[in-house]
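# A structural walkthrough
Now for the letters of each chain:
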Amino acid sequence: MGTTNPDLVELRDLKVAFDGVQVLHGIDLTVARGEALGLVGESGCGKSVTWLAALGLLPGKAAVTGSIRVDGRQLCGAERSDLEEVRGGRIAMIFQDPSSSLNPVLRIGRQIVEALQIHRGLRGQAARTEALRLLDMVGIPDAPRRFDLYPHEFSGGQCQRLMIAMALAGEPDLLVADEPTTALDATIQAQILDLLNALRAETGMALVFISHDLGAVSQVCERVCVMYAGRIVEEGSVAQLFSQPRHPYTRGLFDAIPRIDGPRDRLIPIPGTVPNPKHLPAGCSFSPRCPYAVDACGSTYPSLEFQGDGRRLACMRPVPAVTTSGEAKRRIHEGLMA
Amino acid sequence: MTALLEAEELVRIYEVRRGIFGRPSPVRAVDGISLAVMPGETLGIVGESGSGKSTLGRMLLGLDLAQAGEVRFAGSPMPRNGTAEWRAMRAKMQLVYQDPLAALDRRLTIAAQIGEPLQIHRLVPRQYQADRVAELMEAVGLRSDQAGRFPHELSGGQRQRAVIARALASRPKLLVCDEPVSALDVSIQAQVVNMLRDLQERNGIGMVFISHDLKVVRNIADRVAVMYLGRIVEEASSDVVFRSPQHPYTKALVSSVPVPGKPLEGRMILQGEPPNPADRPSGCAFHPRCPVAQDICRTSSPALRRIGDGRTAACHAVAGETASIETMRRMA
């Protein structure tokens, strides 16, 4: 079953509604084995909800429909025991705030051993040895001495390393990292991105990296999905999206970020604000903020279609493709999108 | 031209007790900081959490008392916190901080809150107050129909605009902004940064812009001071600092900003974490993480000194132009 399908996770027409308000409008997405996929978008665009829904982690009031397949096995509406086999074992997830994901009253060694017991049935000395190996792997120095410390005795960056160690305990095929570096200082953020890359090279696991930081995404991912108001609006390789964003929203995101080099010009913001999911505009949700919008954009929502260059795009009036590659190279070279 | 704001050798020490019976140990949150802000100038302050940048911002406004050193505003010393003189002076210097929802009163409309400083400082006769509020709202890009809204009815960006409008009500000469756009989404962040730049150009306000986001600071600040563990380690114009950082910490900080298209491998990734301020390393506080630390760095703390380009830096390895080239070669 799994061997015939190269895709590890396949989401089809995934929809989520809270109390009748639809927040996810049909997500189609695949994650191949060993691949690193980035999900970017601003708060409320549904990038976290997509993966919480896929793993059955949303509260009961959320209505989830569509298809969620992991190795060909349907998870949507599956039994709790089936879900639990996947969660932590096949797919692990880490979150933005590591200190609130760790149990403050348990020693960190015990928390990692617990994960090893549940997912791999390891006990006693074997579990301890494996936990120490994981701590070493995520770069906690002097692990044997710190095995019995509590979470508050670690810094924010180290807590995130502990979370990653715990996520690795089940030897997952996919790690979903939801804004894992947002709460961390700049120099520590660089360390964690470096660690994620190293771990992926070492274990061959796939990575879904959810972030609003386009710079960070470009450094750990191969493919990127840009989300807006509960839909994927553009998807492509990092090189494609960063050299030639075609969706006006993707383009707007790049333009809005200040640069670390070049002239200190005024920023180019996207006018207006993200729409309230209760009152989505008719047609394309981005059309009221879009500089390229025409009348037709306000009546029908453009479907996400494959383009000639392999990217997917949901837009009737995309940013014209740049014909000379010189412009694109210059933009990358100058770090225009940083 | 006299500086709008001058700080000289500011020190703020907190006593921190470890455990109930632990002996209190001093934490030098701000450890001898001097700086100046000219009228109409923006000074950016960057540093990681625990570097003391927020404490410094509060001290500049007299909200936290300096245990040593002095703050002078427009040439005269800052009056004591809580006195009538201090309150009068505070109308001229305002604070904007990260979380607008916490800064606003949930039970008052935003028009009422923007108008409050006008009443407190008795700046505008009551009958003209509504006009002035409307003017302020327009200046920060809020629509007039939003005047009667409560904070929870506004988006994050709109709330921050309301906070800024309130700060501008007393026509301040100085604005201290502590992470004002950190909680906002990228597209909204750009709107607020542009707005602050416009307001400053129009009104000639001096600004202290505290942030951990180097890209935003580079865009808005004329000059930048980099803090590490309560001290300034490098200060220069924004262009100079980001084009050619000299202090190894500044180099690492600038290098840690993820730039699309630039692979991770080429970046300078620091080992270890910022040290606990209560457990300050001997000598240069940065030496345990510094890739070019020498013996002298472990024993003697480098002073902040001029090294050309209108730049000051506190590093033994960065003595002058010639030494810095050698350092660069060693770090490459």
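Residues numbered from 1 in each chain as written. Chains lettered and ligands numbered in written order. Predicted model: local features only at pLDDT ≥ 70, side-chain atom pairs only at ≥ 80, totals over all residues. Heavy atoms only, no water.

Under the annotation held in an unreviewed UniProt entry, chain B carries the name ABC transporter ATP-binding protein and is attributed to Sinorhizobium medicae. Its UniProt record gives chain B the following Function (unreviewed entry) comment, quoted word for word: "Probably part of a binding-protein-dependent transport system y4tOPQRS for a peptide. Probably responsible for energy coupling to the transport system." (UniProt positions renumbered as here; feature names shortened; annotations may be inferred.)

Chain A appears in an unreviewed UniProt entry as Oligopeptide/dipeptide ABC transporter, ATPase subunit from Sinorhizobium medicae. Quoted straight from UniProt, the Sequence similarities (unreviewed entry) entry for chain A says "Belongs to the ABC transporter superfamily." Per UniProt, the comment on chain A under Function (unreviewed entry) is "Probably part of a binding-protein-dependent transport system y4tOPQRS for a peptide. Probably responsible for energy coupling to the transport system."

## Quick notes on the environment of B:Ala91
All names here are of chain B. Positionally, alanine 91 belongs in the loop between α2 (84–90) and β6 (93–97). For the pair formed by alanine 91 and asparagine 276, sequence separation is 185 residues and the distance between their alpha carbons is 36 Å. Each residue touching alanine 91, except ones within four places of it in the same chain, is listed here: His121, Ser170 and Pro172. (Helix = DSSP H or I, 4+ residues; strand = E, 2+ residues; numbered from the N terminus. Contact = heavy atoms within 4.5 Å.)

## Some thoughts on the confidence of the model for chain B
Considering every residue of chain B, the mean pLDDT works out to 88; 94% of them sit at 70 or more. The model gives residues 321–326 of chain B a pLDDT under 50, and that stretch makes five contacts with residues more than four places away or in other chains. (pLDDT = per-residue confidence, 0-100.)

## Some points on the pattern of salt bridges
Residues and elements named next belong to chain A. With the rule as written, the count across this model stands at 42 salt bridges over all chains. A salt bridge links glutamate 35 to arginine 223; the nearest nitrogen and oxygen atoms lie 2.7 Å apart. Note that glutamate 35 is positioned in the loop between β2 (21–32) and β3 (36–40) and arginine 223 in strand β9 (residues 223–228), a separation of 188 residues in sequence. A relative accessible area of 12% means that glutamate 35 is categorised as buried. (Salt bridge = Lys/Arg side-chain N within 4 Å of Asp/Glu carboxyl O. Buried < 20%, exposed > 50% of the residue type's maximum accessible area, 1.4 Å probe, protein only.)

## A closer look at the sheet that holds strand β5 (residues 76–77) of chain B
All names here are of chain B. Read from one edge of the open sheet, four strands run β2-β1-β4-β5, paired in antiparallel fashion. Single-partner strands in this sheet number two, and they are β2 (24–37) and β5. As judged from the eleven bridges shared by strand β1 (residues 5–17) and β2, these two strands associate in the antiparallel manner. Bridge pairing links alanine 7 to leucine 35 in β2. Those strands touched by helix α1 (residues 53–60) are β1, β2 and β4 (68–73), and its axis lies near 125 degrees from that of β1. (Pairing = 2+ DSSP bridges. Axes fitted to C-alpha atoms, helices over the stretch in contact; angles between N-to-C directions.)

## Looking at the interface of chain B and chain A
Interfaces are frequently sized by the accessible area removed from exposure as the parts join. Contact residues are listed per partner, giving 43 residues for chain B and 45 residues for chain A. Between chain B and chain A we count three salt bridges in total. Linking A:Arg266 and B:Asp198 is a salt bridge whose minimum nitrogen-to-oxygen distance equals 2.4 Å. Here chain B and chain A share 22 residue pairs in polar contact (both at pLDDT 80 or more) between them. Among the elements that take part in the side of chain B that touches chain A, helix α7 (residues 186–203) of chain B stands out by supplying nine residues, more than any other. (Polar contact = N/O pair within 3.5 Å; in protein donor to acceptor, adjacent residues only side chain to side chain.)

## A look at the packing of helix α5 (residues 124–137) of chain A against helix α7 (residues 156–168) of chain A
Residues and elements named next belong to chain A. Two numbers describe how α5 lies on α7: the axes approach to 9 Å, and their chain directions differ by 130 degrees. By the angle between their axes, α5 is oblique relative to α7. Considering how the two elements wind past one another, α5 and α7 form a crossing that is right-handed. Across the interface between the two elements, Leu134, Leu135 and Met137 from α5 touch Leu162, Ala165 and Leu168 from α7. For the contact of α5 with α7, the class distribution of residues is six nonpolar, no polar and no charged. (Parallel < 35°, antiparallel > 145°, perpendicular 65-115°, else oblique. Left-handed = near helix turned anticlockwise from the far one by under 90°. Nonpolar A, V, L, I, M, F, W, Y, C, P; charged D, E, K, R; others polar.)

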